[in-house]
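Each chain is listed here by its residues.
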Amino acid sequence: MSSLRLDIAYAVRSFLKTPSLTLTIIISIALGIAANTVVFSIVNELLVRDLPVRDPSQLYVMEPAGRPSSSFPAYLDFRDQTDNIFEGLAAHSLIPVAANISAGGGAQRVWGLLVSGNYFQVTGAPILLGRGIIPSEDQARVQNAVVVLGYGLWRNLGADPEIVGKHIVLSGAPYTVVGVAAPGFFGTDRGILSEFWAPLAMRTHLAQDVALNYMNRNCSWLEMTGRLRPGVSRQQAVAAANVVYARMHAQYEKERPFEPVGLFRVGYLPILQEILQPLMVALSIVVGLLLLLACANVANLLLARAASREQEIGVRLALGASRGRVVRQLLSESVLLSGTGALLGFVLAVPGTAALAKVQPPLGIPIRFDFSPDVRVLSFTAALAVLTGILFGLAPAFTATRGTIMSAMRQGARGGNFNRGRLMQFLVALQVALSLILLIAAGLFLRSLQEAASIDVGLKGNGALMMAVDPKGQGYSQERMKRFFSDLQQRVEAIPGVKAIGYVDLPPLSLAVNNADFYDADSAEGKRAAGDTMRVSAHYFASTGISLLAGRDFDPQRDENSAVAIINQETAHRLFGAGNPIGRHIREGGGPGTGNVYEVIGLVRNAKVETLGEGDVPCMFRYLSDFEGGFSLYGVTMIARSSGDLGQLATAVQREVSGLDRELPLFNVKTLDRHINDALLLPRVSGALFGLFGSVGLVLALVGVYGVVNYSVRTRTSEIGIRMALGASPLSVAGSIVNRGLALVGAGLGLGLVVALMLSRFTASQLYGVSPTDPVTFFGVPVILFAASLAALLIPACRAARIEPMTALRDE
């Protein structure tokens, strides 16, 4: 222990002798480890961290026939026929259900799951107060409804410790609170924020669309989660489950090809995996390159530091120190440097993970990520620090001790030599190459973001406010909903500055659409166009800024009970060619001779429907008059265009909604501009991450170039002094320093360009309107990196030019 303390004390004293180089090494390590810590925190949350439930390793999601969801009858069959492999098989709604609740002084929108009576027993979810839902409540009627509150919702309701047994009102109906979940538990679909849990029987109240078809085997809406019995392996469970499914398939699904049942660890919804997978791939590539760049930087700086200490090491060896003892001392210094850099990197990573956790995909349901570093992430960071210290401390340590004592002392007397370190020169060139690759990637994604932001979405976001309300979720009848929206429209139209108001069932660019097939009902050929359908009110196109090109808008007086539709340009082009679509007829759904027929009364300009990256998609707009069907996720979205302040408009609309029904919350309130910007989520996140890590890569490369050259100048002070005493001009000295540095930079730029061209094709699918070999990026980035490297070289070169020959010789 005393020897270790001595090593640390000696290392600290050694660092204080070269503060600038020490600080450079620590910053390089910190930046590389910070990036890796951020990414590992994400991986830890997505793939590693266990749910806060009993023995989560035994919990598996069952997916029949490759589908993420199951029907209610299929769930009952699996539950009753797999008790030999599962302690229990529970089910919950795949997509959260929404409810309105009065909390915190006003009406709010909350989200929860419908669960089977054995859900809490099977999952082992932690309960803070009361109990979970039990099997006897599986078929309870609405009059006897029960609910388990999430910890956050319980706190929002006042954190009453005696709340168990009391009633709360969800969507207009009383629910008896039977329990409160422990903090940190949000459900078994990590990433989906569930604020309450109610029995499957409450589908008749909270999921009315599902209730109509819940005994239909084609209505898949449940996710099944099972806990394996002790001694049953996953492979055994899969085999047994497929035997059960084979019987079910032969009886109910003969017309479908048989696909085996899968068992997967409890995790995220498939739609979230689809969104996150490209980002994770991009992050992995970026951080891998960044770590390699940081490692090259550290290795080079440690080699430079070790080269300058050869005389010191020679003296220690001459005085009797063993080579092993010297190597141990140098490794101790490297690990101490790595540990200090890792600590700083961990501190830098914490706000980075917090920022990423705030990213909300435009899914219409609440998403919750917890990327905060935990003990596992801290252990990873510590291991990475030790590994970095050992790996890049060994080479300098052995290099410094492998020569003879006399040669080491002679070499130390002359000072370090910038030319002799071929490995150091290679590492500088490698840093420049890696930095160039990262900067080109950043440039491509930033250019992609620029192009994505300039995409014409067909909507005019400026001056428009969107907000949603769900009276059906409050138990409104169809007639009451019609009166509500009519009264609300009149009230909002009376607000000063309001120009137009429109309603829509599913707002555009929300990653949710109603797919449909359209046919030319007037033609024997029956031309087909696969597209989307939206239900909108009169003035929807005026409120969103979608141009009406021909025909007319919906008219409440004329179209209340009429089968009419408005189509976009793409639908007209595919079904009617260049002909006039007004007055033509479209059949929606089914083949020729089936489905509903609508008369085309208007033609509007193409606009994005589901995502920003889609092409021109056929879309048919039907009149939203009867308000039938469910709006459980999005409610009904109102879009109001105004010449006034949109913040004041939101307050005024909330006041009018409360005036009609104080128990009805207004939610998803945001400007149309912001909604359009939300569609840029992936380009923005990718651009931000690549831009950030590209900037870090640039800093590391410049730090490496500057650090090595600057330290070389310091160790060559006597040589430079002799050259200047012999007549060398300051300009020639500075020029020699710059020229040697630029040679390494040029080699790195050439290598980086070749590798970047090879890798760029893998980014093609993630770029918007930009070629993976974009000439602006591939020309501009090397120029910027060359200029930055030149600036980094000029600083030590100018310092070398100011060396006084007599001072340098006297110091020597």
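In case you missed it, the structure is sitting above this.
Every value quoted in this text rests on a predicted model; they were computed, and no experiment measured them.

Enquirer: I'd love a proper account of unusual backbone geometry, names of residues and values included.
Expert: Positive phi values are uncommon outside glycine, yet Leu509 reaches one of about 60°. One can find Leu509 in the loop between strand 13 (498-504) and strand 14 (514-520).

Enquirer: Describe in detail the pairing of strand 20 (residues 619-623), supporting the description with residues and values.
Expert: Counting buried positions along strand 20 gives 4 out of 5 residues, so the element sits mostly inside the fold. Direction of pairing for strand 15 (residues 528-536) relative to strand 20: parallel, over a ladder of 5 bridges. Bridge pairing in strand 20 places Arg535 opposite Arg622.

Enquirer: Explain the environment of Met534 to me, using residue names and the numbers behind them.
Expert: Summarising the element assignment, Met534 is placed in strand 15. A relative accessible area of 5% means that Met534 is categorised as buried. Note: C-alpha distance between Met534 and Tyr623 (89 residues apart in sequence) is 8.6 Å. Setting aside residues up to four positions removed in sequence, Met534 forms contacts with Val504, Asp505, Leu506, Pro508, Tyr540, Val609, Cys619, Met620, Phe621 and Arg622.

Enquirer: Pulling in residues and values, what's your account of the packing of aromatic side chains?
Expert: Counted by the stated rule, this structure contains 16 aromatic pairs. The interplanar angle of 15° and the centroid separation of 6.2 Å between the aromatic rings of Phe78 and Tyr245 together place this pair among those described as stacked. With Phe78 in helix 3 (residues 72-81) and Tyr245 in helix 8 (residues 234-252), this residue pair connects regions lying 167 residues apart in the sequence. Each of the two residues, Phe78 as well as Tyr245, counts as buried. For the pair Phe120 and Trp197, a centre-to-centre distance of 6.0 Å together with 80° between the ring planes defines the contact as edge-to-face. Taken together, the residues Phe120 in helix 4 (residues 119-123) and Trp197 in strand 9 (residues 196-199) connect sequence positions 77 residues apart.

Enquirer: Which residues make up the pattern of salt bridges, and what values go with them?
Expert: Where side chains of opposite charge bring their charged atoms close, a pairing between them can arise. Within the structure shown, the criterion is met by 17 salt bridges. Taking the shortest distance from any N to any O, the salt bridge between Arg376 and Asp374 comes out at 4.0 Å. For Asp374, a relative accessible area of 23% gives the class partly exposed. What you see here is one network of salt bridges that share partners, running through Asp520, Asp522 and Arg584.

Enquirer: Lay out helix 15 (residues 478-493) with the relevant residues and their values.
Expert: Counted at 1.5 Å a residue, the expected span for helix 15 with its 16 residues is 22 Å, and the 23 Å between its end C-alpha atoms agrees. Within the sequence span of helix 15, burial applies to Met481, Phe484, Phe485, Leu488, Gln489 and Val492. Down the axis of helix 15, the buried set is contained in an arc of 130°. They therefore lie on one face. Against the buried residues of helix 15 lie strand 12 (464-469), strand 13, strand 21 (636-642) and helix 19 (646-660).

Enquirer: I'd love a proper account of the environment of Leu378, names of residues and values included.
Expert: Positionally, Leu378 belongs in helix 12 (residues 375-401). Residues Leu378 and Thr37, 341 residues apart in the sequence, show an inter-C-alpha distance of 8.3 Å.

Enquirer: Outline the packing of helix 14 (residues 422-453) against helix 23 (residues 730-759), listing residues and values.
Expert: For the pair helix 14 and helix 23, interaxial distance at closest approach is 7 Å and the crossing angle is 40°. Regarding the angle of helix 14 to helix 23, the classification is oblique. Of the two elements, helix 14 crosses helix 23, and the hand of that crossing is right-handed. Of the residues in helix 23, those touching helix 14 at Gln425, Val428, Ala429, Val432, Ala433, Leu436, Ile437 and Ile440 are Leu744, Val745, Ala747, Gly748, Leu749, Leu751, Gly752, Leu753, Val755, Ala756 and Leu759.

Enquirer: Break down the packing of helix 14 against helix 24 (residues 775-801) for me, with residues and values.
Expert: Packing of helix 14 against helix 24 brings their axes to within 9 Å, and their N-to-C directions diverge by 135°. Between helix 14 and helix 24, the angle is such that the two are oblique. Between helix 14 and helix 24 lies a crossing of right-handed hand. Residue-level inspection shows Val432, Ser435, Leu436, Leu439, Ile440, Gly443, Leu444 and Arg447 of helix 14 in contact with helix 24, the latter providing Val776, Thr777, Phe778, Val781, Pro782 and Leu785.

Reading the values: the criteria
Residues numbered from 1 in each chain as written. Predicted model: local features only at pLDDT ≥ 70, side-chain atom pairs only at ≥ 80, totals over all residues. Heavy atoms only, no water. Helix = DSSP H or I, 4+ residues; strand = E, 2+ residues; numbered from the N terminus. Buried < 20%, exposed > 50% of the residue type's maximum accessible area, 1.4 Å probe, protein only. Pairing = 2+ DSSP bridges. Contact = heavy atoms within 4.5 Å. Phe/Tyr/Trp six-rings, centres within 6.5 Å; stacked < 30°, edge-to-face > 60°. Salt bridge = Lys/Arg side-chain N within 4 Å of Asp/Glu carboxyl O. Expected span 1.5 Å × (residues − 1). Arc of directions from axis to C-beta. Axes fitted to C-alpha atoms, helices over the stretch in contact; angles between N-to-C directions. Parallel < 35°, antiparallel > 145°, perpendicular 65-115°, else oblique. Left-handed = near helix turned anticlockwise from the far one by under 90°.

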